[in-house]
Amino acid sequence: MDVMDKNLRLLIKTILDSPVWVQEVIWHDIRRNLESIIPNISDTDDADVYALYVPELTFKGRKEIETHEHGHEINVYKFLSTANERLRVIDITLRNFWTLSECSRLLSFCIKNEYIKKPENIYVNASIFYLGNEIRLGEYVKRINMINVDQLEAALRRQKELNTDTHSYKQLGAVLVEMGYIVPDDIKKILQIKGECEKRFIPTLDLSKSADSGGVNYREIQLKMEKLAKENVILKEKLRAIFNIQSKNKAQ
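Cut-offs and rules
Residues numbered from 1 in each chain as written. Predicted model: local features only at pLDDT ≥ 70, side-chain atom pairs only at ≥ 80, totals over all residues. Heavy atoms only, no water. Helix = DSSP H or I, 4+ residues; strand = E, 2+ residues; numbered from the N terminus. Contact = heavy atoms within 4.5 Å. Areas by Shrake-Rupley, 256 points an atom, 1.4 Å probe, with all protein chains shown as cover. Core = buried A, V, L, I, M, F, W, Y, C linked by side-chain atoms within 4.5 Å. Buried < 20%, exposed > 50% of the residue type's maximum accessible area, 1.4 Å probe, protein only. Phe/Tyr/Trp six-rings, centres within 6.5 Å; stacked < 30°, edge-to-face > 60°. Lys NZ or Arg CZ within 6 Å of the ring centre and 35° of its normal.

1. A word on the overall build of the protein chain
Broken down by element type, the protein chain carries twelve helices and zero strands. The linear arrangement of helices and strands in the protein chain, starting from the amino end, is α-α-α-α-α-α-α-α-α-α-α-α. Here the contacts in the protein chain between residues at least 6 apart in sequence split such that 58% fall between residues at least 24 apart. In the form shown here, the protein chain has an accessible surface area of approximately 16100 Å², with 53% of it arising from carbon and sulfur atoms.

If you want it as structure tokens, here you go:
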């Protein structure tokens with residue numbers, strides 16, 4: 001278990017170990033905050049909560065972990081390895097110091113390459129590709145049955161008309177609301193979640209504590225994140241060089 005994962009579990013355990021009357025206040029404060037972002041969140045089924053989803057590896061995915069046959073970027077194998085432990089999306093994200101957007105990009109890549117089974121739940125499936133920047137807002141709301149194909153096409157045509165020869169750009173979300181297809185609160189919720197998934201979870205740590213004293217070493221976390229970033233840059237440069245060589249060989 002990594003430091004970030006451990007911090008979240010420690011935070012949850014601290015809350016659950018507190019007296020019921022304290023938990024009650026925490027619950028009301030959290031619910032009030034979440035309902036300002038996600039209306040009617042109390043009615044949400046656990047199966048529809050993307051962060052709770054447990055990706056399931058295919059035979060092809062388990063084989064790729066063992067062989068690295070296709071030479072994907074290092075984060076693909078980190079994703080597959082942690083998913084192989086039957087972890088939830090939130091645990092995979094925190095374990096690897098990723099944002100939810102970064103994790104979603106890798107998950108969508110693994111689904112498209114048949115390393116991970118496609119989720120049956122339409123909300124989870126659509127969220128993976130939307131938060132992973134594989135599909136745009138219009139396609140997302142269509143996939144979760146907020147609008148149909150005809151309404152999406154009509155909204156896109158209307159958006160194109162509004163944005164012809166104008167200096168201001170009309171977002172599709174605003175057009176969908178203007179046409180009465182989606183209520184403003186739903187668009188606000190979707191866009192806010194999209195923005196939040198770009199944030200990295202960094203818990204507030206007591207910097208006076210050190211790893212030796214049983215506390216969390218914040219500097220160690222920073223170094224790990226910097227190391228991961230450097231590894232990604234190096235790997236991208238190597239892949240770019242390989243692609244350049246292949247392109248030259250084809251040209252010859």
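2. Quick notes on the nonpolar core
Core analysis: the largest hydrophobic core is formed by 40 residues, its most contacted members being Phe 79, Leu 80, Leu 107 and Ile 116. The element that contributes the greatest number of residues to this core is helix H7 (residues 122–131), accounting for six residues. For Ile 116, the contacting residues outside a window of four places in its chain are Tyr 53, Pro 55, Glu 56, Leu 57, Thr 58, Phe 79, Leu 80, Ala 83, Leu 107, Cys 110 and Ile 111.

3. Quick notes on the environment of Ile 38
By the element assignment, Ile 38 lies in the loop between helix H2 (20–37) and helix H3 (59–67). With 148 residues separating them along the chain, Ile 38 and Asp 186 place their C-alpha atoms 8.3 Å apart. For Ile 38, the residues in contact, after removing those within four places along its chain, are Lys 189 and Ile 193.

4. Regarding the packing of aromatic side chains
Taken as a whole, this structure holds one aromatic pair when the rule is applied. Between Tyr 130 and Tyr 140, the aromatic rings sit 4.5 Å apart at their centres with planes inclined by 20°, giving stacked as the arrangement. With Tyr 130 in helix H7 and Tyr 140 in helix H8 (residues 137–143), the pair connects residues that are ten residues apart, well separated along the chain. The ring of Phe 129 carries the charged tip of Arg 143 above its face, separated from the ring centre by 5.5 Å. In this structure, Lys 194 is placed above the aromatic ring of Tyr 130, and the distance from its NZ or CZ to the ring centre is 4.6 Å.

5. So, unusual backbone geometry
The residue Arg 86 is not glycine, and still its phi comes out positive at about 60°. For Arg 86, the position within the fold is in the loop between helix H4 (74–83) and helix H5 (89–95). One non-glycine residue, Phe 97, lies in the positive phi region at around 60°. Tracing the backbone shows Phe 97 in the loop between H5 and helix H6 (100–112). Since its relative accessible area comes to 5%, Phe 97 is described here as buried.

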